[in-house]
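Descriptive analysis of the structure
As a plain string of letters, each chain reads:
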Amino acid sequence: MKLLARLFRSTLGQKYLMAGSGGVLVLFVVGHLVGNLQFFLPPAALNRYGHLLQSNVEVLWLVRLTLLAVVLLHIVMAIRLWASNRAARPVAYASSATSYGASLSSRTMLVSGLVVVAFLGYHLLHFTVRVESINGTPVAFHQLREPGTGYYDVFAMVVAGFQVWPVALFYGVGVGLLSFHLTHGVAALFQSLGGRNPVYAPVIRKAAHGLAAFLLLGYLSIPTAVLFGRGNDYLKHVVEHNARRLAQAPPGEEVAR
Amino acid sequence: MKVKLKVWRQRNADTPGRFVVYDTPELNPNMSFLEMLDVVNEQLTLQGEEPIAFDHDCREGICGTCSLVINGKPHGPQRGVATCQTYLRSFRDGDEILVEPFRARPFPLVKDLVVGRQAFDRIMTAGGFISVRTGSAPDAHAIPVPKEAAERAMDAAACIGCGACVAVCKNASAMLFVSAKVSQFGLLPQGQPERYRRVAAMVEQMDREGFGACTVTGSCEAVCPKRISLDFIARMNRDYGVALLRGA
């Protein structure tokens, strides 16, 4: 217990927690992107992947709750550190703040992080909870079923979601700031956990920028492809199929889903 | 050349301070910044005014006593030098120069540009030493020290403890100072017996003093008059983690 108390109280311990939780979240966003890039395969691939993730409720919620705890830890530590850092300089300098070797991303971690949290909230409501009132399209996300398998049609949902250009634009801003956050965050993670030395330092910095660029381009590719028309015909087909399915279904079946 | 100085004047910690503008007499561009302040102070003394209080000692860049934030940068515009090695030739004739004290909660203001840096002394007292028998000097090669370790320890020991890293850091963090002082001992064989106890004690004293945490912006490394590397912070993070696991 003494170890935990020192971990949560010392500035270095809080940085370990910050870096550790950040590292887990980086692994998640990389995995999330690799999974989502199946969007460029035929629709059945993404739908099967969606079904795989959703079908085991116990594992699904274990992962969800773990990620939620990690996100909360990252945010709580960020705010605690921010408060103690501010308290360390009660009187500000009269000269305007200049960076002296500090990158813009390193000085704006809290702001970029908070915008990413706001984006994450929208993203979950949009594609996970599927609140129909915020998706900006007449397509009812809840009713999309893949013709043939009856699995939830993730591919059609993504196409319908990103065909609304303001939504696609907001996604661009969200992943843009996430990548910006990570250009510094990934490099700082190695520093905070002590995994940096004169040999690794330049490699780590380049790898952090490379990873941020990969995430940015990867995540932007999906809404961009949709805006260029990918999946439009498939979406129409799915919507018509669902309309027929719902018309034939006995009353109440959709509610009981 | 002449410059216009905008200097922070404050009688003591309990009295509010303010900036006062001084026009300097004719100056030699090869004067150091501190010599320029001496000239201004002579003039103030002749006029019956209170001279500007500022810290200084060796004036050759090795004692770490001089401080000052000059136009927003600790130790002035040049890299890798202390205020005493900042010369007026780094400025232009007629420049207005803003001079402020180091600002951080653990560095309480004493008077004008003088701040108390005893927090650093207390961190050193907590663990910045090696407990050895002090007697006659040991034979030169009694303890083998690898060349790389000796050089890196020397790089860390180059830290003069001026506090510019704290002054420039957006979080007023003392990590660069503490990491250099932890490493100068931790890299050498003589420092091994107390390695983990030392890092834990020094980091915890640093926290008690109220310094901020490290965001890895790298501005400390950029303004350090001795160019201490950020790598030492990573090294301290590593050692402190091991110390936590060992319960040191």
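Conventions used here
- Residues numbered from 1 in each chain as written.
- Chains lettered and ligands numbered in written order.
- Predicted model: local features only at pLDDT ≥ 70, side-chain atom pairs only at ≥ 80, totals over all residues.
- Heavy atoms only, no water.
- Pairing = 2+ DSSP bridges.
- Helix = DSSP H or I, 4+ residues; strand = E, 2+ residues; numbered from the N terminus.
- Contact = heavy atoms within 4.5 Å.
- Axes fitted to C-alpha atoms, helices over the stretch in contact; angles between N-to-C directions.
- Phe/Tyr/Trp six-rings, centres within 6.5 Å; stacked < 30°, edge-to-face > 60°.
- Lys NZ or Arg CZ within 6 Å of the ring centre and 35° of its normal.
- Buried < 20%, exposed > 50% of the residue type's maximum accessible area, 1.4 Å probe, protein only.
- Buried area = accessible area lost by both parts, 1.4 Å probe.
- Salt bridge = Lys/Arg side-chain N within 4 Å of Asp/Glu carboxyl O.
- Domains from an automatic or database assignment.
- Nonpolar A, V, L, I, M, F, W, Y, C, P; charged D, E, K, R; others polar.
- Parallel < 35°, antiparallel > 145°, perpendicular 65-115°, else oblique.
- Arc of directions from axis to C-beta.
- Left-handed = near helix turned anticlockwise from the far one by under 90°.

**Observations concerning the sheet that holds strand β1 (residues 4–9) of chain B**
All names here are of chain B. In space, the five strands of this open sheet follow the order β2-β1-β5-β3-β4, with mixed pairing throughout. Either end of the sheet is taken by a strand with one partner, and the two such strands are β2 (18–23) and β4 (73–74). As defined by bridge partners, strand β3 (residues 69–70) adjoins strand β5 (residues 96–100) across two bridges and the pair is classed as antiparallel. Directly across from V69, in β5, lies its bridge partner E100. Packing against the sheet, helix α1 (residues 33–46) makes contact with β1, β2, β3 and β5, and its axis sits at approximately 80 degrees to β1.

**A look at the packing of aromatic side chains**
Residue and element names in this part refer to chain A. Within this structure, the stated rule accounts for 18 aromatic pairs over all chains. By the ring-pair criterion, three or more aromatic residues cluster together here, those being F119, Y122, F127, F141, F162, F170 and Y171. Positioned above the aromatic ring of W61, the side-chain terminus of R64 is 4.9 Å from the ring centre.

**So, unusual backbone geometry**
Residues and elements named next belong to chain B. The backbone of A172 sits at a positive phi, close to 50 degrees, despite the residue not being glycine. In this structure, A172 sits in the loop between α4 (164–168) and α5 (175–186). Unusually for a residue other than glycine, V216 sits at a positive phi of about 60 degrees. A residue is classified by how much of its surface remains accessible, and V216, at 12% relative accessible area, is buried.

**Considerations on the interface of chain B and chain A**
Taken together, the contacts link 53 residues of chain B with 37 residues of chain A. Taking both partners together, chain B and chain A bury about 3400 Å²; carbon and sulfur atoms supply 55% of that area. Summed over the shared surface of chain B and chain A, the number is two salt bridges. Among the ionic pairs, R6 of chain A bridges to E204 of chain B, the shortest N-O distance being 3.2 Å.

**Here's the deal with the domain arrangement of chain B**
Residue and element names in this part refer to chain B. The assigned domain composition of chain B is domain 1 (4–110) and domain 2 (117–246). Spacing between the C-alpha centres of domain 1 and domain 2 amounts to 28 Å. Taken together, the contacts link 21 residues of domain 1 with 21 residues of domain 2. Taking both partners together, domain 1 and domain 2 bury about 1600 Å²; carbon and sulfur atoms supply 61% of that area. At the junction of domain 1 with domain 2, the criterion picks out one salt bridge. R117 serves as the salt-bridge partner of D55, at 3.2 Å between the closest nitrogen and oxygen. Grouping the constituent residues of the side of domain 1 that touches domain 2 by class yields 11 nonpolar, six polar and four charged.

**Some remarks on the packing of helix α7 (residues 154–162) of chain A against helix α9 (residues 200–227) of chain A**
A packed helix pair is summarised by two numbers, namely the angle formed by the two axes and the spacing between the axes. Residue and element names in this part refer to chain A. For the pair α7 and α9, interaxial distance at closest approach is 9 Å and the crossing angle is 75 degrees. The pairing of α7 with α9 is recorded here as roughly perpendicular in orientation. Residues V158, V159 and F162 of α7 form the contact with α9, whose own contacting residues are I222, P223, V226 and L227. Among the residues forming the contact of α7 with α9, the class breakdown is seven nonpolar, no polar and no charged.

**Looking at the environment of G231 of chain A**
Considering the arrangement of structural elements, one finds G231 of chain A in the loop between α9 and α10 (232–248). The residues touching G231 of chain A, leaving out its near neighbours within four places in the chain, are F155 and V159 of chain A.

**Quick look at helix α2 (residues 118–127) of chain B**
Residues and elements named next belong to chain B. Of the positions making up α2, those classed as buried are A119, F120, I123 and G127. Considered in projection along α2, the buried side chains sweep an arc of 100 degrees and stay on one side of the axis. Of the surrounding elements, those touching the buried residues of α2 are α4, α5 and α6 (195–209).

**Considering the packing of α7 of chain A against α10 of chain A**
Residues and elements named next belong to chain A. Across the interface, α7 lies against α10 with an axial gap of 9 Å and an inter-helix angle of 115 degrees. Viewed along their axes, α7 and α10 form a crossing whose handedness is left-handed. Side by side, α7 and α10 meet where F155, A156, V159 and A160 of the first sit next to N232, Y234, L235 and V238 of the second. Grouping the constituent residues of the contact of α7 with α10 by class yields seven nonpolar, one polar and no charged.

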